[in-house]
2 protein chains.
Amino acid sequence: MDVRTICLGILTRGDATGYEIKKLFEDGRFSYFVEASFGSIYPALSRLTEDGLVSVREEAGGRRPDRKVYSITEKGKSTFVAGLNGPMPDDRFRSPFLFAMMFSNFLDQTRIAAMIDGYIADTEAKLAQITCECGRPCNAQEAFICGYGRTAYSAVLGFLKERRKEFKTDAAIAAAE
Amino acid sequence: MDVRTICLGILTRGDATGYEIKKLFEDGRFSYFVEASFGSIYPALSRLTEDGLVSVREEAGGRRPDRKVYSITEKGKSTFVAGLNGPMPDDRFRSPFLFAMMFSNFLDQTRIAAMIDGYIADTEAKLAQITCECGRPCNAQEAFICGYGRTAYSAVLGFLKERRKEFKTDAAIAAAE
DNA sequence: CCCGAGCTATATCAGACCAATATAGCGGAG
DNA sequence: CTCCGCTATATTGGTCTGATATAGCTCGGG
């Protein structure tokens, strides 16, 4: 999903600075499927402002740099909704971990075990983030998104823990000797 | 995973043209977690050649453009393996579908149902691709990767089919009247 | 025979995005 | 005082994408 659309979507929830926009979609429940850098958020907001989809007001409060608060316009909102009703881009999943596992014949068991352990830990952290945030009241949309993330990560964790047993570390080999 | 590494990895499996490299990682068992465009493959191969990690020979067989077959060098191979033993970049998952579901309050039930149906169909296609390719003999690496993909997509499908029941289409509503 | 579609194969380009960095503060801890 | 973490804006060189261009070859249909 292009960064302009992401910004519009966040702004339908309320006014925000560029920094806050990034913080909002980095909220744990959403961060597993949305990402954008400041390097693309600010140019996107500028462009949206030029195009009349967003308006901006500056708040000078003795802070340098000044705080720029963005609001979505009616034009912006209808453009956003039209996009939701248009062609849906495909999901994208890239995994250096799986790519590395594809060539694990080049690695020793300790390295493989360490990679899997690290990936399990990362996955558990992601899962915990989704789950604990969901202790707050969830609307239907959030419940769907959390449910999807929990389902996927839980399944992957189960798979990894099962397969992890096949890989011994040097420490485990030494202990068996 | 950067495109240079992807090309090196594929070339450890055997010599290939730029076009073949793309075809090889578009093989259904791997395509769910690796992707790169010609726009980045050719510059990457050029750079790898300059850097001595890859060598290239041209086959002129009356074909225009000529066929350029790339081979990995010993330097390339050791660089690739060193990379596998180095810091592992994070996975990336981007989902316009989930982003749209996050704002499904702007959509009517028919649109939501259609989106879910489309996503289910896509997911089933991906799952079928992994599964049927795996009818061929799998080495341990391929078995791991296929197992991961099957586990994740199957879990997601189960979740979606369950939740799909909550959304009625106009046709289903009309049939009930 | 001709045409079109699909495939193999190389290459490029404008636009989108990233990671890192710079700048400018403020507040808190050592 | 210094350093770290945070809020906040902005930029830049490098990487990648999707689309496109070019150059064939093969096969099937008219």
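Residues numbered from 1 in each chain as written. Chains lettered and ligands numbered in written order. Predicted model: local features only at pLDDT ≥ 70, side-chain atom pairs only at ≥ 80, totals over all residues. Heavy atoms only, no water.

- Looking up chain A in an unreviewed UniProt entry gives the name PadR family transcriptional regulator, with the organism given as Rhizomicrobium electricum.

1. Things to note about the packing of aromatic side chains
All names here are of chain A.
- One pass over the structure, following the stated rule, counts 29 aromatic pairs over all chains.
- Arranged with centres 5.8 Å apart and planes meeting at 25°, the rings of F38 and Y42 form a pair that is stacked. With F38 and Y42 both in helix α3 (residues 38-50), this residue pair falls four residues apart, about one helical turn.
- Residue classification places Y42 among the partly exposed positions, given a relative accessible area of 37%. (Phe/Tyr/Trp six-rings, centres within 6.5 Å; stacked < 30°, edge-to-face > 60°. Helix = DSSP H or I, 4+ residues; strand = E, 2+ residues; numbered from the N terminus. Buried < 20%, exposed > 50% of the residue type's maximum accessible area, 1.4 Å probe, protein only.)

2. Looking at the protein's contact with DNA strand C
- Residues in contact with DNA strand C amount to 24 residues; listed here are only the nearest, R4 and S40 of chain A together with Y19, R67 and R92 of chain B.
- In DNA strand C, atoms within 4 Å of the protein come from the sugar-phosphate backbone in 68% of cases.
- V3 of chain A places a polar main-chain atom, nitrogen or oxygen, 3.2 Å from a phosphate oxygen of DNA strand C.
- Within the backbone of K68 of chain B, an N or O atom sits 2.8 Å from a phosphate oxygen of DNA strand C.
- Among the elements of the structure, α1 (3-11) and α3 of chain A together with α2 (18-25), α3 (38-50), β3 (67-72) and β4 (92-94) of chain B are those that each provide at least two residues to the surface near DNA strand C.
- In terms of residue count, α2 of chain B provides more of the surface near DNA strand C than any other element does, four residues in total.
- In terms of residue class, the surface near DNA strand C is made up of seven nonpolar, six polar and eleven charged. (Near = heavy atom within 4 Å. Polar contact = N/O pair within 3.5 Å; in protein donor to acceptor, adjacent residues only side chain to side chain. Nonpolar A, V, L, I, M, F, W, Y, C, P; charged D, E, K, R; others polar.)

3. Regarding the interface of chain A and chain B
- The partner chain B presents 56 residues to the 57 residues of chain A that form the contact.
- Approximately 5900 Å² of surface area, both sides summed, lies buried where chain A meets chain B, with 69% of it carried by carbon and sulfur atoms.
- The three residues of chain A that bury the most area against chain B are F99, M102 and F144 of chain A, which together make up 13% of that side's buried surface.
- Seen at the junction of chain A and chain B, the total is two salt bridges.
- Between E35 of chain A and R94 of chain B there is a salt bridge whose closest N-O contact spans 3.2 Å.
- One can count 20 residue pairs in polar contact (both at pLDDT 80 or more) joining chain A with chain B.
- In terms of residue count, the dominant contributor to the side of chain A that touches chain B is helix α7 (residues 140-164) of chain A (14 residues).
- Of the residues that constitute the side of chain A that touches chain B, the class distribution is 36 nonpolar, eleven polar and ten charged.
- Alignment of strand β3 (residues 92-94) of chain A against β4 of chain B, held across three bridges, turns out to be antiparallel. The partner of R94 of chain A across the bridge, within β4 of chain B, is R92 of chain B. (Contact = heavy atoms within 4.5 Å. Buried area = accessible area lost by both parts, 1.4 Å probe. Salt bridge = Lys/Arg side-chain N within 4 Å of Asp/Glu carboxyl O. Pairing = 2+ DSSP bridges.)

4. Some points on the relation of the copies chain A and chain B
- For these two chains of identical sequence, chain A goes onto chain B by a turn of 180° and a shift of 0.0 Å along the axis, with RMSD 0.1 Å. In symmetry terms, the pair is related by a two-fold rotation axis. Measuring from the rotation axis to each C-alpha of chain A, the shortest distance belongs to F93 of chain A, at 2.2 Å.
- The fraction of interface residues of chain A whose copies in chain B are also interface residues reaches 98%, indicating that both copies meet through the same surface. (Least-squares fit on C-alpha atoms with pLDDT ≥ 70 in both.)

5. Things to note about the sheet that holds strand β2 (residues 54-59) of chain B
Residue and element names in this part refer to chain B.
- A sheet is described by the order of its strands in space; here three strands give the open sequence β1-β3-β2, paired in antiparallel fashion. The open sheet has two edge strands, β1 (16-17) and β2, and neither has a second partner.
- In this sheet, β3 lies alongside β1 in antiparallel orientation, the contact comprising two bridges. Bridge pairing in β3 links A16 to Y70.

6. What to know about the side chain of R164 of chain A
- One can find R164 of chain A in helix α7.
- Among the polar contacts made by the side chain of R164 of chain A, one reaches the main-chain carbonyl oxygen of F167 of chain A at a distance of 2.6 Å.

7. Brief notes about the pattern of salt bridges
- Applying the stated criterion to the full structure yields 22 salt bridges over all chains.
- Here K161 of chain A and E124 of chain A are joined by a salt bridge, their closest N and O atoms 2.8 Å apart. Taken together, the residues span a long stretch of sequence, with K161 of chain A in helix α7 and E124 of chain A in helix α6 (residues 109-133) at a distance of 37 residues.
- Here K161 of chain A falls in the partly exposed class, since its relative accessible area comes to 41%.
- For R67 of chain B, the salt bridge goes to E59 of chain B, with nearest N and O atoms at 3.0 Å.

8. Points about the environment of C146 of chain A
Residue and element names in this part refer to chain A.
- For C146, the location among the structural elements is in helix α7.
- Residue classification places C146 among the buried residues on the basis of a relative accessible area of 0%.
- Along the primary structure C146 and Q129 are separated by 17 residues, whereas in three dimensions their C-alpha atoms are 9.9 Å apart.

9. Structural notes on the protein's contact with DNA strand D
- Close contacts around DNA strand D come from 24 residues, with Y19, R67, K68 and R92 of chain A together with R4 of chain B the closest.
- Taking all atoms of DNA strand D within 4 Å of the protein, the share assigned to sugar and phosphate is 65%.
- One of the side-chain nitrogen or oxygen atoms of K68 of chain A is found 2.7 Å away from a phosphate oxygen of DNA strand D.
- Residue R94 of chain A places a side-chain N or O atom 3.3 Å away from a phosphate oxygen belonging to DNA strand D.
- Looking at the surface near DNA strand D, the elements with two or more residues in it are α2 (18-25), α3, β2 (67-72) and β3 of chain A together with α1 (3-12) and α3 of chain B.
- Looking at the surface near DNA strand D element by element, the count peaks at four residues for α2 of chain A.
- For the surface near DNA strand D, the per-class residue count stands at seven nonpolar, six polar and eleven charged.

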